[in-house]
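Okay, here's what each chain looks like letter by letter:
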Amino acid sequence: MCPPEDAVCILFLVVRAVDTVEDDMTISLETKIPMLRNFHTYLYQADWRFTESKDKHRQVLEDFPTISQEFRKLPAVYQEVIADTCHKMEMCMAEFLEKRMEFLLDWDRYCHYVSVSVMIGVSRLFSAAELEDAPVVWSKYSKNLSDLAKPENIVPAVQCLNDLVTNALQHIPDFLLYLSRLRNQSEFNFFAVSQLMYFATLATCYNNPQVFKRAIYQKIPVSDPSAERTQNIVSTIQKMCLSDGPVVSRHRFSPIYLPCAALLAVLSWQYLSSL
């Protein structure tokens, strides 16, 4: 299977196009809702474009035939992931254009399908490319990933963590060069603020053995209004990650998996940001 770089690029362009339709307040709901519900089908229509948008990102709609053409050149397995991700996003967008968002569950649903589903789509693309079974950095520090969860192996575990962070840091010079070439202030602010948050995460993780420990529970202030709820959630997570818990027993993942997965998610975003 060919690498997924082109597929990731097309996925983000398609997502940008869908977002542009949703965000453009000059498009009437009578036009917008049917367009959203059918947007994934436009990927297979060579001539479809929309030229009536007034949004600042309208170029992705006006030049959509170029995007869809490159989409159709991708292997079928990549096309399926992109079209499915687009379909899930568009349906949720259309749903909440037609009804009020009244409950927290509505908010969670919207955030999942409009934002999280993009990252799920990226993960599916990497999985389709059969990249998940390639040797990973932890193999340099331990024979088995589960060994890094043992307290006596905290030194190689932190060394592995530092290796991962260093891998992410190598992209920062390219990003700074990119920032230096931006002339639009709002665009500069968007990328600078978001990336600084990621850099802060890397700085916190580097050489920090606490990454491999569950420290949230001990930090919960008793006086905090949400303290009891936070304690319950953290306790549930701890139980799920124990050796006999449902997460580990079902997937044979060690307790270290969840913090590593969170870190890898951050590092993956660093990688994708550099594409």
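Residues numbered from 1 in each chain as written. Predicted model: local features only at pLDDT ≥ 70, side-chain atom pairs only at ≥ 80, totals over all residues. Heavy atoms only, no water.

Attention now moves to helix α2 (residues 29-37). Looking only at α2, the buried set comprises K32, I33, M35 and L36. One side of α2 holds all its buried residues, which, seen down the axis, span an arc of 165°. As for α2, its buried residues are in contact with α1 (5-23) and α5 (76-98). (Buried < 20%, exposed > 50% of the residue type's maximum accessible area, 1.4 Å probe, protein only. Helix = DSSP H or I, 4+ residues; strand = E, 2+ residues; numbered from the N terminus. Arc of directions from axis to C-beta. Contact = heavy atoms within 4.5 Å.)

What follows concerns the confidence of the model for the protein. When pLDDT is averaged across the protein, the result is 81; 84% of the residues are at 70 or more. The secondary structure element of the protein with the lowest average pLDDT is helix α13 (residues 257-273), at 45, and the one with the highest is helix α4 (residues 64-73), at 96. Taken together, the stretch residues 247-275 has pLDDT below 50 and engages in 53 contacts with residues farther than four places along the chain or on a different chain. (pLDDT = per-residue confidence, 0-100.)

Although it is not a glycine, N207 sits at a positive phi angle of roughly 55°. Along the chain, N207 turns up in the loop between α9 (185-205) and α10 (216-219).

Taken as a whole and assessed by the stated rule, the structure comprises 10 salt bridges. Among the ionic pairs, R58 bridges to E62, the shortest N-O distance being 3.9 Å. Its relative accessible area of 36% is what places R58 among the partly exposed residues. The class of E62 is partly exposed, set by a relative accessible area of 27%. A salt bridge links D84 to R124, with the shortest nitrogen-to-oxygen separation between them at 2.8 Å. A residue pair is termed long-range when its members are at least 10 positions apart, and D84 in helix α5 and R124 in helix α6 (residues 104-128) qualify at 40 residues. Residue classification places D84 among the partly exposed positions, given a relative accessible area of 25%. (Salt bridge = Lys/Arg side-chain N within 4 Å of Asp/Glu carboxyl O.)

Okay, the nonpolar core next. Formed by 41 residues in total, the largest nonpolar core has its most connected members in V14, F39, W48, L61, F64, I82 and L125. When residues of this core are traced back to their parent elements, those giving at least two are α1, α2, α3 (59-62), α4, α5 and α6. Of all the elements, α5 adds the most residues to this core, at 10 residues. The contacts of L125, once residues within four sequence positions are left out, are P4, A7, V8, L11, Y78, V81 and I82. (Core = buried A, V, L, I, M, F, W, Y, C linked by side-chain atoms within 4.5 Å.)

Below, the discussion takes up the side chain of E95. Assignment of secondary structure puts E95 in helix α5. A distance of 3.0 Å separates the side chain of E95 from the side chain of K99, its partner in a polar contact. Filtering out sequence-adjacent residues up to four positions away, E95 remains in contact with R37 and R109. (Polar contact = N/O pair within 3.5 Å; in protein donor to acceptor, adjacent residues only side chain to side chain.)

Turning our attention to the packing of aromatic side chains. Across all of its chains, the model carries eight aromatic pairs by this definition. Taking the centre distance of 4.0 Å and the plane angle of 5° together, the rings of Y42 and W48 count as stacked. With respect to burial, Y42 and W48 carry one shared label: buried. Judged by centre distance (5.3 Å) and plane angle (80°), the ring pair of Y44 and F71 falls under edge-to-face. One end of the pair, Y44, is in the loop between α2 and α3; the other, F71, is in helix α4, and 27 residues separate them in sequence. Residue class for F71 comes out buried when judged on its relative accessible area of 0%. Grouped by ring-pair contacts, the aromatic residues F39, Y42, W48 and F64 constitute a single cluster. (Phe/Tyr/Trp six-rings, centres within 6.5 Å; stacked < 30°, edge-to-face > 60°.)

Within the secondary structure layout, S117 lies in helix α6. Judged by relative accessible area, S117 falls into the buried class, the value being 6%. Excluding residues within four positions of it along the chain, S117 makes contact with T85, M89 and H112.

Direction vectors running N to C along α1 and α5 enclose 20°, while the axes themselves pass 10 Å from each other. Classified by the angle between their axes, α1 and α5 sit roughly parallel to one another. The interaxial crossing formed by α1 with α5 has right-handed handedness. Residue-level inspection shows A7, I10, L11, V14, V15, V18, D19 and E22 of α1 in contact with α5, the latter providing Y78, I82, T85, C86, M89, E90 and M93. (Axes fitted to C-alpha atoms, helices over the stretch in contact; angles between N-to-C directions. Parallel < 35°, antiparallel > 145°, perpendicular 65-115°, else oblique. Left-handed = near helix turned anticlockwise from the far one by under 90°.)

All right, on to the packing of α5 against α6 then. In the contact formed by α5 and α6, the axes pass within 9 Å of each other and the chain directions differ by 175°. In this view, α5 runs roughly antiparallel relative to α6, as classed from their interaxial angle. On the side of α5, the interface is formed by V77, Y78, V81, I82, D84, T85, K88, M89, C92, M93, E95 and F96, while α6 contributes D106, R109, Y110, Y113, V114, S117, V118, G121, R124, L125 and A128. Grouping the amino acids of the contact of α5 with α6 by side-chain chemistry returns 14 nonpolar, three polar and six charged. (Nonpolar A, V, L, I, M, F, W, Y, C, P; charged D, E, K, R; others polar.)

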